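Structural features, examined
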Amino acid sequence: MSILAAQDLVRSYERGAPPSLDRVSLQVAAGEFLAVAGPSGSGKTTLLAILGGLDRPDSGRVMLDGEDLYARGADALTRLRAAAISFVFQSHNLLPTLTALENVSLAVYCKRGAAAQAEACHLASSSALRLRAPSRWGRRC
Ligand SMILES: Nc1ncnc2c1ncn2[C@@H]1O[C@H](COP(=O)(O)OP(=O)(O)OP(=O)(O)O)[C@@H](O)[C@H]1O
Ligand SMILES: [Mg+2]
């Protein structure tokens, strides 16, 4: 069974323009490694954003582990993204008001709870950068 399946994804950004995704379907098995390749503007980022729950398709479905991703409400989709999906963005998307340590730890910290905070600190301190910036979250790693 596939862990991720897309069926007939269509996404247009502007009315009248050709769709950036035109009935794209794919299946990914658990443990499979998949690379998406194509020329600039061919729709790679658009596809990955929809597969990852960041952007809704105009039509079509994304099934993640047997569940229709976009049948969820916005809050439930946000929780699922935090728990199960990771992105490395094309641009860095760092938050300028946070320290380097806080930027590295942010996704894990948002899960809340002592265990998540400890995991965030472990991630930050084990990073290749060995970040030493102080935290403003009232807890030093
Ligand atoms: N926010 C947007 N508004 C309007 N058009 C967009 C938007 N994002 C992408 N597009 C258009 O959709 C098409 C696919 O863009 P996309 O960014 O998905 O391509 P890409 O394959 O990731 O390109 P690159 O290799 O340059 O990153 C392009 O024609 C692009 O101009
Ligand atoms: Mg791109």
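Right above here is the structure, for reference.
Residues numbered from 1 in each chain as written. Chains lettered and ligands numbered in written order. Predicted model: local features only at pLDDT ≥ 70, side-chain atom pairs only at ≥ 80, totals over all residues.

Quick notes on the overall build of the protein
When helices and strands are tallied, the protein shows 4 helices and 4 strands. Traced from its N-terminal end to its C-terminal end, the protein shows the element sequence β-β-α-β-β-α-α-α. In the protein, which comprises 141 residues, the share counted as buried stands at 14%. Residue pairs in contact within the protein that sit at least 24 positions apart in sequence constitute 47% of those at least 6 positions apart. (Helix = DSSP H or I, 4+ residues; strand = E, 2+ residues; numbered from the N terminus. Buried ≥ 20, exposed ≤ 12 C-beta atoms within 10 Å, placed from the backbone. Contact = placed C-beta atoms within 7 Å.)

Describing the sheet that holds strand S4 (residues 67–68)
Reading across the sheet, the 4 strands line up as S2-S1-S3-S4 and stay open at both edges, with antiparallel pairing between neighbours. Strands at the two margins of the open sheet, each flanked by one partner only, are strand S2 (21–29) and S4. Pairing between strand S3 (residues 59–64) and S4: 2 bridges, direction antiparallel. The residue of S4 that forms the bridge with Met63 is Asp68. (Pairing = 2+ DSSP bridges.)

Some points on the pairing of S3
Pairing of strand S1 (residues 2–11) with S3 involves 5 bridges; the strand directions are antiparallel. Counterpart to Ala5 in the pairing with S3 is Met63. Here S3 folds back onto S4 in antiparallel fashion, the turn holding 2 residues, of which Asp65 has a positive phi close to 50 degrees.

Regarding the site of ligand 1
Taken together, Tyr13, Ser20, Gly38, Ser40, Gly41, Ser42, Gly43, Lys44, Thr45, Thr46 and Gln90 make up the full set of residues adjacent to ligand 1. For the shell around ligand 1, the residue count by class is 1 nonpolar, 9 polar and 1 charged. (Near = placed C-beta within 6 Å. Nonpolar A, V, L, I, M, F, W, Y, C, P; charged D, E, K, R; others polar.)

Focus: helix H3 (residues 100–109)
Considered for burial, the residues of H3 that qualify are Leu101, Glu102, Val104, Ser105 and Tyr109. Considered in projection along H3, the buried side chains sweep an arc of 160 degrees and stay on one side of the axis. (Arc of directions from axis to C-beta.)

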